[in-house]
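Architecture and fold: a report
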Amino acid sequence: MSREQQAVARARKAFETGRSKSVEYRINQLKNLQRLFSERQKEIAAAIKKDLNKTEVGAQFYETLGLEGEISLFIKNLKEWAAPRHVKKNLLTMSDTVYIHPEPLGVVLVIGAWNYPWAVTIRPLIGAIAAGNAAVVKPSEVCVHTSKVMEDLLPIYIDKELYPVVTGGVPETQELLRQKFDHIFYTGNSTVGKVIMEAAAKHLTPVTLELGGKSPCYIDKNCDISIACRRVTWGKYSNCGQTCIAPDYILCEPSIQNRVIEEVKKCIKEFYTDNPKTCPDYGRIINQRHFKRVMAMLEDSNIAVGGENDESDCYIAPTVLRDVKPEAKVMQEEIFGPLLPILPVSSLDEAIKLINKGEKPLALYVFSPDNKVIERMRDETSSGGFLANDCLVHYSVSALPFGGVGNSGIGCYHGKFSFDRLSHLRGCLVKKLKMEGVNDMRYPPHTLKKLGWARFFILNTVDVGWVGRMALLAALVMVAAVVIQVI
Amino acid sequence: MESQSQVLERLRTAFESRVTIPEKFRRTQLTNLMSMIKDNEEQIVNALHKDLTKPKFEAILSEVEIVMNELHCALSNLTSWMQPEYVSKNLATKLDECFVRREPLGVVLIIGPWNYPMQLLIVPLIGAIAAGNCVVIKPSEVSAATDNLITELIPKYLSKDCYAVVRGGAKETQALLKNRFDHIFYTGSQAVARVVLQAAAVHLTPVTLELGGKCPCLIYGRVNATAAAHRLVWSKFFNAGQSCVAPDYVLCSKATCDALVPALRQVLEDFYGSDIQKSPDMSRIVTPKHWTRLMGLLNRTKGKVVVGGEHDEKDRYIAPTVVVDVAEDDALMEEEIFGPILPILTIESLEESIKLTKTKEKPLAFYVFSDESSVVKKVLENSSSGGFCSNDGIVHMALPGLPFGGVGNSGFGHYHGHWGFEAFSHQRAVMLRGWALEKLNALRYPPYSDEKLSWHSYLT
């Protein structure tokens, strides 16, 4: 048996012991995870610094703070989320109990990404644990140091049989994908997303795919351009542009292009100093392969700001490109780097048309003081999420579902959405063997009279309070008595 | 005759013109669909009788009324389903508007099966229309009369630009699957489901799979054998056992089996008379091929036939049959039976029975008959299945408040009522921020500091 097979088999065995069924057990595991973040901040930060050149504050802000908040939310609400959820009944099931029973799926595979390794690997894991599953965690091998820290620390804090960490590259991931899982949760790009879905098809395994795309950002010429550009600059260059919901490119009228460039330039200086290379708050491209990929995109566009780079350091300065055309290299795939192309468009119409030519993105941004503009943009486009007048922050609202549509993904999560996504919501009808007379009307031999009664009883839903229910039940019993005589 | 790609192009153009977005349009289409069923009830019943020899009662109950119920549910609730759902925010976003908006996915594909050819095609269609999509409808060619009827009626009642019926067998379906859809809803077998999923993976298309499995029926503890027999017979032999949620096999103790068999025999006579083949209330097997498959299982079983066993190839008839002394590795335990054969496995303890069900794939439904609520609770908590029903069969799927779908090999995703609307919608997170309080935003901008960080954790 391969190492991957063993981890999955052990996880399944641990799941079958039933110990993750109790809500108390799940809450304990989540509390342990909480302790990991409060006790090991230094090691986590040191690894992230090596992988992505984030400062300790940056790491907390972008990675672990959100997780700690999520864990608290889960601990507070898990009992309620895991409890049976009662639903409407019809007349014939008045005296029965009808509810949805949330249950674990079994063994979930969580495949993380490298750009916010803790956030995108642990957040799904929180959902998996909370829903009572076992989970095999496969951190991205691209963030070498962080995946080592995950491999070392997770087994110390949480149940190492139920939640094993399996590290490795492509061959190890392929071996994992040969095993049977009850759900596969993948964060990454759409090319690998297709491979995952195909592997899942063999075992009829449902998937959640958190992918990406080119998230457009439309800036209305009538908005407060200075504030808009501050928010866009922050959204774009955080993590050196390596964010699945970063504003990928800007669409605006030619008349404000220069102003936009000026404002972004100002904000870059304010956030990252005159020399971002020496600024501790500015990140790096994850590795040389991606460095080359992003640099190649500059080929056929005009650089308005930045452009400086250093391959040995995987450094690319915060860069703005002007007068970019839709056919340019930088517009052919998700940038995932610190290049901000500006495409001049003559109107909102043209902007919407251009956006709809592309695949549905994970996020869509519009900056405008005019609600009509915002509504048009929202109504005439499709995207995972939509945010007006800012960037990224919709991610932080746990009550909002976070996920893509079309090429940007399948399924959503965060907060209760994670819990529901990684649960099986089992429909339950608990009847008694009484009131058999009422059932009579559905049994053969069939008569037209019975059919009439069945049509009435079986198919009307009722939603009344307890007193109403009892009254209706009494009426039902009387009617049933009559009906039985009559049939 | 339009080619498949022409049909798809037409539907996509219609979707992009945004004609399906307004509530009024969706209501009109759903109302027209309701008229279609009402105006043509007799033809529907006749087509179902032609395909499956479905008794009129079964056809009305399980193919007409259940569809009408779903239509009523959709029409009554469409307005509220389409409303934005406001959500709770954190301190930092208190002044913003945060809501979830349900949006149509685009052009979706619904592939129907042959066993309830109206219900299992039209109920998903209701969800798809309500959610504002354009729909390609692919009825099963196996239930040929219903396929013909649907092909004739849909363009008469629904917008031809937005909803199209595509016909054919395996070859045409495979060709259809090469196209890009925004969602595929498939009801049928696991083997074909794998093909559907593989085709969907090419385009990253989300899928709903409504499959089947061997739905176990455990009978333990104190049991009113007569009442249980009534409900078991009704749910097992409805549609001649060709239901994805029919109780597939029974597990019980020897004593229960001994009490159950005569009760089953009596109920069968009460329901269908002494010559069941002559009763108008018993369906037939859908095709000769399926009849042969079922007879093959019956011929290979090492169990004892104690009720029924009669058959007639020309009539595609198999009598409601009960087989006892069936072992775990019997032919009848290999695959989903999907026919009027009920194997009873004698297992003395409830625990052993539960253990056996755990060795099998997760089914679409799980049944337990018992007057003891502790038995019901034990089974519920130690099993996994799409849905669960105690002391009855099938009826849990008629409740639009319950999500109807499978888990594991019985499928994923669910529908019925509001769940159908959600299955065909994209839940888009929308956040509308204001321009004020930019100073508050400054907490998140570089240069980063510990102080800014603590403020931020407080606010979020």
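Cut-off values and rules
Residues numbered from 1 in each chain as written. Chains lettered and ligands numbered in written order. Predicted model: local features only at pLDDT ≥ 70, side-chain atom pairs only at ≥ 80, totals over all residues. Heavy atoms only, no water. UniProt positions renumbered as here; feature names shortened; annotations may be inferred. Pairing = 2+ DSSP bridges. Helix = DSSP H or I, 4+ residues; strand = E, 2+ residues; numbered from the N terminus. Contact = heavy atoms within 4.5 Å. Axes fitted to C-alpha atoms, helices over the stretch in contact; angles between N-to-C directions. 1 Å grid on protein atoms, 1.4 Å probe; cavity = no way out; pocket = protein on both sides within 12 Å on 5 of 7 lines; lining within 4 Å. Points joined across faces, edges and corners; volume = space filled by probe spheres on them. Nonpolar A, V, L, I, M, F, W, Y, C, P; charged D, E, K, R; others polar. Buried < 20%, exposed > 50% of the residue type's maximum accessible area, 1.4 Å probe, protein only. Parallel < 35°, antiparallel > 145°, perpendicular 65-115°, else oblique. Left-handed = near helix turned anticlockwise from the far one by under 90°. pLDDT = per-residue confidence, 0-100.

In the nomenclature of an unreviewed UniProt entry, chain B is known as Aldehyde dehydrogenase of Astatotilapia calliptera. Its UniProt record gives chain B the following Sequence similarities (unreviewed entry) comment, quoted word for word: "Belongs to the aldehyde dehydrogenase family."

With an unreviewed UniProt entry as reference, chain A is termed Aldehyde dehydrogenase, source organism Astatotilapia calliptera. Annotation of chain A in UniProt includes, under Subunit (unreviewed entry), the sentence "Homodimer."

1. What about the sheet that holds strand β16 (residues 387-390) of chain B?
What the ten strands build is an open sheet, ordered β1(A)-β3(A)-β20(A)-β16(B)-β15(B)-β8(B)-β9(B)-β14(B)-β13(B)-β10(B); its pairing is mixed. Whereas interior strands pair on both sides, the edge strands pair on one side only; in this sheet they are β1 (85-86) of chain A together with β10 (304-307) of chain B. As defined by bridge partners, strand β13 (residues 321-324) of chain B adjoins strand β14 (residues 341-346) of chain B across three bridges and the pair is classed as parallel. Within β14(B), the position partnered with V323(B) by the bridge is P343(B). Packing against the sheet, helix α12 (residues 350-358) of chain B makes contact with β8 (216-219), β9 (249-252), β14 and β15 (365-369) of chain B, and its axis sits at approximately 175 degrees to β8(B).

2. Focus on empty space enclosed by the protein
All chains considered together, the criterion is met by nine cavities of 30 Å³ or more. Taken as a whole, the second largest cavity spans an internal volume of roughly 90 Å³. Taken together, N53(A), K54(A), T55(A), G58(A), Y62(A), S238(A), N239(A), P280(A), D281(A), Y282(A), G283(A) and Y448(B) make up the lining of the second largest cavity. Its residues placed into classes, the lining of the second largest cavity shows four nonpolar, six polar and two charged.

3. Concerning the pairing of strand β18 (residues 425-432) of chain B
A regular strand places its side chains so that they alternate between the two faces of the sheet. Counting buried residues along β18(B), seven of its eight residues qualify, which places the element largely inside the surrounding structure. One ladder, built from four bridges, connects strand β16 (residues 385-388) of chain A with β18(B); its direction is parallel. In the strand pairing of β18(B), L387(A) is matched with M431(B). Two elements, strand β2 (residues 97-104) of chain B and β18(B), share eight bridges in a ladder whose sense is antiparallel. The residue of β18(B) that forms the bridge with C98(B) is M431(B).

4. Brief notes about the environment of F366(B)
Here F366(B) is to be found in strand β15. Taking relative accessible area as the criterion, F366(B) reaches 2% and is therefore assigned buried. With 35 residues separating them in the primary sequence, F366(B) and A331(B) have C-alpha atoms 21 Å apart. What F366(B) contacts, discounting residues up to four positions off in sequence, is R426(A), P216(B), L218(B), T357(B), V379(B), S383(B), S384(B), S385(B), G387(B), F388(B) and C389(B).

5. A few points about the packing of helix α2 (residues 23-39) of chain A against helix α5 (residues 117-130) of chain A
Residues and elements named next belong to chain A. Contact pair α2 / α5: the axes reach a minimum separation of 9 Å and the direction vectors enclose 160 degrees. As summarised for this structure, α2 and α5 are arranged roughly antiparallel, according to the angle between their axes. In terms of crossing hand, the pair formed by α2 and α5 is left-handed. Here R26, Q29, L30, L33, L36 and F37 of α2 lie close against α5, whose contacting residues are W118, I122, I126, I129 and A130.

6. A word on the confidence of the model for chain B
Across chain B, the average pLDDT comes to 95, with 99% of residues at or above 70. Of the two predicted TM-score estimates for the complex, the pTM is 0.94 and the ipTM is 0.94.

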